[in-house]
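Listed here are the chains, written in short residue letters.
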Amino acid sequence: MAVEEQRAGSRVSRPEIRLVRRGFTDPAKAVRLLDGPGLEGLADDPVLLDALGATADPDLALLGLARLLEAADEPERHTLRDTLTTSKPLRDRLLGVLGVSTALGDHLARHPHDWHALVTFELRDMHPGPEDFRRALADGVKEDALSPANALRVAYRRCLLAIAARDLTGTTDLAQTAAELADLAGATLQTALDLAAEQDPEAAAACRLAVIGMGKCGGRELNYVSDVDVIFVAEPREGVDEHEAVKAATRLAAALTRLCSDTTGEGTIWPVDANLRPEGRNGPLVRTLASHLAYYQRWAKTWEFQALLKARPVAGDTELGAAYVEALAPMVWQAAARENFVADVQQMRRRVVDSIPAPELDRQLKLGPGGLRDVEFSVQLLQLVHGRTDPALRSGNTLEALAALSRGGYVGRADAASLDAAYRFLRSLEHRIQLHRLRRTHLMPTAEEDQRRLARSLAALINDDTRSDPVAALQREWKRHAVEVRRLHEKLFYRPLLDAVAELPHGAAGLTPDAARARLEALGYADPAAALRHISALASGVSRKAAIQRTLLPVLLGWFAESADPDAGLLNFRQVSDALGRTPWYLRLLRDESAAAEQLARVLSAGRLAPDLLLRAPEAVAMLGDPQGLLPRGRGALQSEVLAAVGRAGSTAAAVAAARSVRRRELFRTAAADVLGRLGEDPAEALDTAGEALTALNAATLQGALRACTAGWEAEHGDLPTRIAVIAMGRFGGHELGYGSDADVLFVHEPLLGSLEQEAARAAQAVCNELRTLLAAPSTEPPLLVDADLRPEGRSGPLVRTLASYAAYYRRWSHAWESQALLRAEPVAGDEELGARFRQLIDPLRYPGAGVPERDLVEIRRIKARIEAERLPRGADPTTHTKIGRGGLADVEWTVQLLQLRHGHEVPALRTTRTRAALAAAADAGLVEPADAEVLEAAWVLASRVRSAVMLVRGRPGDSFPGDARELSGVARYLGYGVGHSGELVDDYRRTTRRARAVVDRLFYGAG
């Protein structure tokens, strides 16, 4: 302080320096106030100055004291000055309030006599209850018979002043302060109801009305400034019609609401919020008990039962209020058995976070990550799950419920203590922020002077020295608690599951096996017993491996629970861990790279395809830890790797197996990236990326297999007497492969100069047959089925033809459908020059210069209609079959291909094998209206994505939506639909494809 004094020099007086030492930031103003009216003679009182310096904001406390003394009459001022100098308890309480709350300082300036309310609370063991507050409010109302409503507001703030004084001087802790605020709210509601009854005695005589406190009021944990959530329930008095009684009760409830919420005079006490009632603001304000029960039995959502957890009668008819709570309690404590219970609660929490404006996210004490709502949601979720069988957990108060959860072994003692401390700090911080101006806010202020006042008022709760830099100390403590809350919020629901089955240190939660199974069932695990066995196998024991798993599993279980199939996720994780558990990098990767652990959990629980691929070679987990690891690789890089692997193999079978191994790994890379949303933000872009990646992968695999089979033939027979090219067809040629697509191809060969055509044909036939056999052979690697049925004469024709044979066939025998199929032909493997010449051969067929003859148009339409009538599987729904169904892939592709056949010779952009590119070209050329093109593209993209999703989820291809509810949910999740919204997906699909079919009818069939 000597340094400050030297710096001050001649600029400030010695009295000002003394004030700076006591924490005043504007000493010149403080000196003027101390020399002003009311404070004469107190400027040199060290006791008063020390007491002012001990407040959160000495400048604010002095200003409030000066205003109070100035407003008081002479006798009152003299009494107050004497009490200030002689009574330390009163001095500390008054200055403590004035140093924190501008709003309560304003109240004292308007009502200077109200400082006497602070004297009432001298004894530390006095804890006023609802009756004490009711008497105080009733006495206050009697003081102003002309304006009882305004008198109620004045009396309310007088009681609030006393509560704040006890709070700020440490006479009460947070829990007691919040309980007193709730009791004061209940007393205020009762007094307002009494006033309403006096104003409308006819209504009071017609009904019994109970006011049920909800939210923080119901839980006896109210804030200083908060909406007071209520529900009104009424019953007719004897001899009164029920309808008339409800109308009368509605008048009373509305009058009560106005009395508390009116802004005239002293201003609003607080808004009375009845929106938690059945049907919310759209429902009647008052219902009978029977009406309430009927609604909750039939219509209520999960969140409404969660809200009822805190229901408590606070005013009105106590017998009716108790009956209401008793009648609804059984439904509240069975809410956890509802379908999607945990998912609904978690989704509601996510919606709350998502609704926070971005600029406020880091300042939110209540709703933000690591905030108060994280604590409350975690505690309530555990209560609802375990409170079904344990009545000790059925408290509406967060801290009481947390203590009960700890005593019951549902939460570890250390975790409960940390959460309790964090909750008390965050609520205390919220209280201090609201006290300043008595405004409803949950945002940390940004001004340094505000944060300094908060830090000084909370010094007893901050585990740091606040004297040198109070703002920095406050920020550190706040962030420390927020991080701890977020950590425990993610851990609380899952960690005790480990404690139930693993050998853990002393002090861990003692969740029983039955309770663990109940929790897993609530989380969505279909087979809790199996899940517990997996957890036990992973986490039991004292090895380093088990210790790391105990760290990982609480979070992983949460990620699994957010998926459509938690059981599969946990089982797959156990299998991968069993395969890699002794590999030193595996658990280290998951422990140290949280992104890799989350990605693994998402992949393992999203369906069967990616986990099946991973389980065949678990070391592919490593790519999840590489930021670039999930980017699909280009065809050149893939082909180089495949050919190198083929070249190192010792036999043809081994070489093809090596190519298939590379394909399996790359399939996993693409599938994992797809599941995790890494292929593109736009669905169509992601679909294109996946199609390109799968096409490049199959092309590289075919190139490697062809090289291997050629080398094998030559090792046995000498040089191959012919050249071979592989032509991709269908979705393969269109770069539109899905995960379950076969590789449709044509094989073409050309004998080398001097070779006999028959020998060349036999050699080509042998090589291509072996290629198909080895790529499809049973193996640990996924098969690649090479389908050559689109060749001339189909299955009856030779597998391989020469270029000249293709030319002769197409010249003489080719059908319209074959020209249509050739629209998607593209060389992908083998001899490049031969492939290019094949392309030259077929271009005149697929882009005929004279267009398409009418007879061919009729034939194409006839074939399409026949396919629709005959090829649809028995029992399949034509409105949801993605391939042949109405508005599905075939509809869109045949329509686009018809446009290519008719106009490809005159519109170069139509000469593409890709469906979306051809459709865009047709729209650009004016052949299709842009709106129609948009409809067709939307249907084609959605149908393609559904097929991919079915393969990813089921692990086998399918053209219809899965019949199994869990699999359908997985498909919906992949497509961006939330839990319980699978039906919306099917509805959206039908609507999209129905619109597409209308366009197809016009463009393809010429209807309309």
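Chains are numbered independently. Their residues run from 1 in the order of the written sequence. Residue-level local features of this predicted model are given only where pLDDT is at least 70; pairs of side-chain atoms are given and counted only at 80 or more, and the full residue set underlies all totals for whole chains, interfaces and linings. With hydrogens and water set aside, each side-chain value is computed from the structure's full complement of heavy atoms.

*Asks:* How do you make sense of the pairing of strand β2 (residues 228-236) when you look at a structure like this?
*Replies:* Looking down a regular strand, the side chains alternate between one sheet face and the other. With respect to burial, β2 is a largely interior element, seven of its nine residues being buried. Any two strands between which DSSP finds at least two bridges are classified as paired. Each helix is a run of H or I in the DSSP string that is no shorter than four residues. Each strand is a run of E no shorter than two, and both are numbered from the N terminus. Where strand β1 (residues 207-213) meets β2, seven bridges bridge the pair, whose relative direction is antiparallel. The partner of Val211 across the bridge, within β2, is Phe232. For β2 and strand β3 (residues 272-273), the ladder comprises two bridges, and the chain directions are parallel. Exposed residues in this analysis have more than 50% of their type's maximum accessible area, buried residues have under 20%, and partly exposed residues fall in between, with area computed by a 1.4 Å probe over protein chains only.

*Asks:* Where do I start with the nonpolar core in this structure?
*Replies:* For soluble globular proteins, the rule of thumb is that nonpolar side chains tend to be buried together. Within the largest apolar cluster, 92 residues are counted, with the highest numbers of intra-cluster contacts made by Phe573, Leu702 and Phe747. The element contributing the most residues to this core is helix α34 (residues 683-717), with 13 residues. Between two residues, a contact is recorded if the distance between any of their heavy atoms is within 4.5 Å. The contact partners of Leu702, leaving out residues within four places of it in the chain, are Val726, Phe732, Val745, Leu771, Leu775, Leu784, Val786 and Ala829. Working definition of a nonpolar core: buried Ala, Val, Leu, Ile, Met, Phe, Trp, Tyr and Cys residues. They are joined through side-chain atoms within 4.5 Å. Judged by nonpolar contacts, the second largest core, of 84 residues, contains Leu68, Val97, Val100 and Leu252.

*Asks:* Help me understand the pattern of salt bridges in this model?
*Replies:* Two side chains carrying opposite charge are able to pair once their charged atoms lie near each other. We define a salt bridge as a side-chain nitrogen of Lys or Arg found within 4 Å of a carboxyl oxygen belonging to Asp or Glu. All told, the structure shown has 66 salt bridges when counted by the stated rule. Between Lys864 and Glu868 there is a salt bridge, with its nearest N and O atoms 2.5 Å apart. One end of the pair is Lys864 and the other is Glu868, both in helix α40 (residues 854-870) and four residues apart, which spans about a single turn. Using a relative accessible area of 2% as the deciding quantity, one classes Lys864 as buried. On the basis of relative accessibility, which here comes to 21%, the residue Glu868 falls in the partly exposed class. Among the ionic pairs, Asp988 bridges to Arg991, the shortest N-O distance being 2.2 Å. Pair noted here: Asp988 and Arg991 are both in helix α45 (residues 982-1003), with a separation of three residues, about one helical turn. Looking at Asp988, the relative accessible area reads 22%, which means it is partly exposed. Bridged by salt links that share partners, the residues Arg633, Glu641, Arg665, Glu666 and Arg669 form one connected network.

*Asks:* How should I be thinking about the environment of Glu521 in this particular structure?
*Replies:* Counting through the fold element by element, Glu521 comes out in helix α25 (residues 513-523). Among the residues examined, Glu521 registers a relative accessible area of 54% and is labelled exposed. It is 8.7 Å that separates the C-alpha atoms of Glu521 and Ala337, two residues lying 184 residues apart in sequence.

*Asks:* Before we go on, may I ask you to explain the environment of Glu244 in this structure?
*Replies:* Relative to the elements of secondary structure, Glu244 occurs in helix α14 (residues 242-261). Residue classification places Glu244 among the partly exposed positions, given a relative accessible area of 41%. Sequence separation between Glu244 and Ala203 is 41 residues, and the spatial gap between their C-alpha atoms is 9.1 Å.

*Asks:* Can you help me understand the environment of Val119 in this one?
*Replies:* In this structure, Val119 sits in the loop between α8 (102-110) and α9 (130-142). Remark: the alpha-carbon pair of Val119 and Ala165, spanning 46 residues in sequence, is separated by 10 Å.

*Asks:* I tried to follow the side chain of Ser563 on my own but got confused; where do I start?
*Replies:* Tracing the backbone shows Ser563 in the loop between α27 (544-561) and α28 (566-580). Reaching out from Ser563, the side chain makes a polar contact with the backbone oxygen of Phe560 at a distance of 2.6 Å. Here a polar contact is recorded for every N or O atom pair within 3.5 Å, except that within protein the pair must consist of a potential hydrogen donor and a potential acceptor, and residues adjacent in sequence are included only if both atoms are side-chain atoms. Among the polar contacts listed, one links the side chain of Ser563 to the backbone nitrogen of Asp565, at a separation of 3.3 Å. Here Ser563 is in contact with Ser605 and Arg973, once residues within four sequence places are set aside.

*Asks:* Could you clarify how one ought to interpret the side chain of Ser101 in this entry?
*Replies:* Secondary-structure assignment places Ser101 in the loop between α7 (88-98) and α8. Residue class for Ser101 comes out buried when judged on its relative accessible area of 2%. A polar atom in the side chain of Ser101 sits 3.0 Å from the backbone nitrogen of Leu104. Sequence-distant contacts of Ser101, defined by excluding residues within four places in its chain, comprise Leu60, Leu435 and His436.

The analysis is restricted to geometry; functional conclusions fall outside its scope.
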